[in-house]
Structures are given as C-alpha cells and as structure tokens.
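The chain contents come next:
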Amino acid sequence: MPYSLDKLLVIGISSRALFNLEAEEAIFQQQGLDAYRQHQLAHENEILKPGAGFALVKALLKLNQLTPDKRLVEVVIMSRNSSETSLRIFNSIEHYGLDISRAALAGGASLSPYLQAFNVSLFLSLHEDDVQAAINAGVASALLYQLAENVADLDQIRIAFDGDAVIFSDEAEKIYQSDGIEAFEQHERENAKKPLPEGPFARLLVALSYIQNNFKAPDGRALPLRTALVTARSSPAHERVIRTLRAWNIAIDETFFMGGVNKSAVLAAFKPHMFFDDQHGHCMHASSVVPTGRVPYKQ
C-alpha cells in the first residue's frame, strides 16, 4: 500500500539549511560546478557540521519517538544537488541518527514545483529564490540566517513567531508602513473584534496546535512542544490578536507584546529552536542569539 504524507507535518529542508555547507557554497560560487562536484566526491566520508535548521529538525523528529504506532513528522531533504554529489549529505544524516529517508535532488533546478508533490507544510532554505517561490505558491517558508552560537539543546520543542505578515496577513503591516503608527492603531481599534486574515504560517500554527493536543498533561499543558508569539504590537493593537487566536481555537503558550522593544532578549530567554519574522532588521538581531528565519512577502 502506498505511503501517504497527507496527514503528517512535512518539513522540507535544503541540505545547506540542515548542514553547514558554506565552504562548499563558496567553492561553487567562485570556482564553478565541476570544482564543487570534485570537492564533494573527495570529501563524501567527512561528516558535515549542523546548519541553521538542524536543531529544529532534530527536535521535531523526536515527536515520532513519542508515538511509535503513528508518525507525526516527516522531513524531506530538498536540494539542488545531484544524486552524485549527495552521498556526503546522506552519510551525515546517518551519522547524527536523523530519521530522514526521503529526498528531492533537483540537479540545479528550482525546488518549488516539488513542494506540493511531497505535501510540504514548512520549507526551510538558504536559497532566496526557492523560498520566495514557495511563499508565492502558498507554502510556509523561511530564509534561514547563519547559525547562532550556543544553540540550546532542549528536550522540549520551542518555536517562536512574529505576528503580522507571518501568522497573520500583512494587511495591518501595510497600513503601518504607509500611514504610520497612529493610523495602524486606529485601524486595529476599529477592527478589534474582526479576526485578522491568515498569514503564510497560519496553517503551520494550526498543525502544531493539533500536535500539541496529542500530548496534553492533566493540567492542560502541552508537554513536548511550546510556542510563543513575539510581536512588535502593543496596546491597543493587542486585542485583535487575542480575539483572532480565540476565533481560530488556537492557544499560544507564551505571548509577548513588545511595543517596538528589541526582541532579542525575550528570544534568548525563551530559547526557541527557530524564530520566524518578516523583518530583516529583526531577524539580524535575533539571529545572533537564536536560529532565525525570515518570511518573505508574497509577490
């Protein structure tokens, strides 16, 4: 009977996001494909170091160990490598004991056409064109920043999100950018009881909430997975966020209305395996303390 990915949380991740391939990328950019190919073949038994998305993938795969009769998460390597140059990647996967068996090796072609084929829920990459194409196709996707030092190795999976243009649509963000803070706050007051439209990561948050509900403790807390909303919003723009999550029947574990304060200190305290934000400036600050991915605007 064919194996179905329909009811799983499927993470598509590029080889360069899972492992540190920056030296190899430099060879490709500076010396070309043939030099890159020769380098990978010559070093295919050398284990690669973890990359920016490694901690999140490792943590999410642990969920399958909690439900031995039913898989919850699948990870698919989605790489522009050819099969010939990919053995080093698979050797590294085996070395770290990662439960990954599926791959799409596009041989230099765009990866976005294969996202739907693998039912990808979240796509992570360091290749901006692929991330943009994924967002345009309606798939939650993020461009990862270089790995922060001293990433916490926690048993509990922790994921943090910005609000506008990530979980929610960029409707309110556009008003803020074009008309300023006063117009933004007035708009949010007037629409406080109207749920915000879904953003590119809304369905991912729903999927994570579903997984959380599989692991509720007697006190109602979700044990292996914890989420946080870290948003630049503050009062009076907080009400619409709270009412929107209530309308979606989603409970986020921790919420921080930062009111423009730098998010880095809060993120360092929360210690997420990944933080998703739409603003490059926020991502640059955050990436110095936690793994970070930027969510581009749909074009």
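- The name recorded for the protein chain in an unreviewed UniProt entry is 5'-nucleotidase, from Undibacterium flavidum.

Remarks on the pattern of salt bridges
Here is step 1 of the chain: Inspection of every chain in the model, using the stated rule, returns 21 salt bridges.
Here is step 2 of the chain: Between lysine 174 and aspartate 170 there is a salt bridge, with its nearest N and O atoms 3.8 Å apart.
Here is step 3 of the chain: The class for lysine 174 is exposed, based on a relative accessible area of 54%.
Here is step 4 of the chain: Residue arginine 226 is joined to glutamate 254 by a salt bridge in which the shortest nitrogen-to-oxygen separation is 2.7 Å. Of the two residues, arginine 226 sits in strand E7 (residues 225-231) while glutamate 254 sits in strand E8 (residues 254-257), which places them 28 residues apart along the sequence.
Here is step 5 of the chain: The structure contains a network of salt bridges with shared partners spanning Asp164, Glu171, Glu188, Arg233 and Arg240.

Regarding the packing of aromatic side chains
Here is step 1 of the chain: Using the criterion set out here, one finds nine aromatic pairs in the structure.
Here is step 2 of the chain: Taken together, a centroid distance of 6.0 Å and an interplanar angle of 75 degrees make the contact between phenylalanine 28 and tyrosine 36 edge-to-face.
Here is step 3 of the chain: Residue classification places tyrosine 36 among the buried residues on the basis of a relative accessible area of 10%.
Here is step 4 of the chain: Ring-pair connections join several aromatic residues into one group, and the members of that group are Phe19, Phe54 and Tyr96.
Here is step 5 of the chain: When the ring centre of phenylalanine 270 is taken as reference, the NZ or CZ atom of arginine 158 above it lies at 5.2 Å.

Overview of the environment of aspartate 155
Here is step 1 of the chain: Within the secondary structure layout, aspartate 155 lies in the loop between strand E5 (140-144) and strand E6 (157-161).
Here is step 2 of the chain: Between the C-alpha atoms of aspartate 155 and alanine 59, which are 96 residues apart in sequence, the distance is 7.3 Å.
Here is step 3 of the chain: When near neighbours in sequence (up to four residues on either side) are disregarded, aspartate 155 contacts Lys62 and Pro224.

Quick word on the packing of helix H8 (residues 171-179) against helix H9 (residues 181-190)
Here is step 1 of the chain: Between H8 and H9, whose axes approach to 7 Å, the crossing angle comes to 145 degrees. Here Glu171, Ala172, Ile175, Tyr176 and Asp179 of H8 come into contact with H9, specifically with Ile181, Ala183, Phe184, His187 and Glu188.
Here is step 2 of the chain: Considering only residue class, the contact of H8 with H9 consists of six nonpolar, one polar and three charged.

Side note on the sheet that holds strand E10 (residues 292-294)
Here is step 1 of the chain: Read across the open sheet, the 10 strands follow the order E3-E2-E1-E4-E5-E10-E9-E6-E7-E8; overall the sheet is mixed. For this open sheet the edge positions go to strand E3 (102-105) and E8, each flanked by a neighbour on one side alone. Looking at each pair of strands side by side, their axes are set apart by 25 degrees on average, direction ignored.
Here is step 2 of the chain: Summarising the sheet, E6 and E7 pair through five bridges and their orientation is parallel. Its bridge partner lying in E7, phenylalanine 161 is registered against leucine 229.
Here is step 3 of the chain: Across the sheet, helix H7 (residues 128-136) touches strand E4 (122-125), E5 and E10, and the angle it forms with E5 is around 160 degrees.

Reading the values: the criteria
- Residues numbered from 1 in each chain as written.
- Predicted model: local features only at pLDDT ≥ 70, side-chain atom pairs only at ≥ 80, totals over all residues.
- Heavy atoms only, no water.
- Salt bridge = Lys/Arg side-chain N within 4 Å of Asp/Glu carboxyl O.
- Buried < 20%, exposed > 50% of the residue type's maximum accessible area, 1.4 Å probe, protein only.
- Helix = DSSP H or I, 4+ residues; strand = E, 2+ residues; numbered from the N terminus.
- Phe/Tyr/Trp six-rings, centres within 6.5 Å; stacked < 30°, edge-to-face > 60°.
- Lys NZ or Arg CZ within 6 Å of the ring centre and 35° of its normal.
- Contact = heavy atoms within 4.5 Å.
- Axes fitted to C-alpha atoms, helices over the stretch in contact; angles between N-to-C directions.
- Nonpolar A, V, L, I, M, F, W, Y, C, P; charged D, E, K, R; others polar.
- Pairing = 2+ DSSP bridges.

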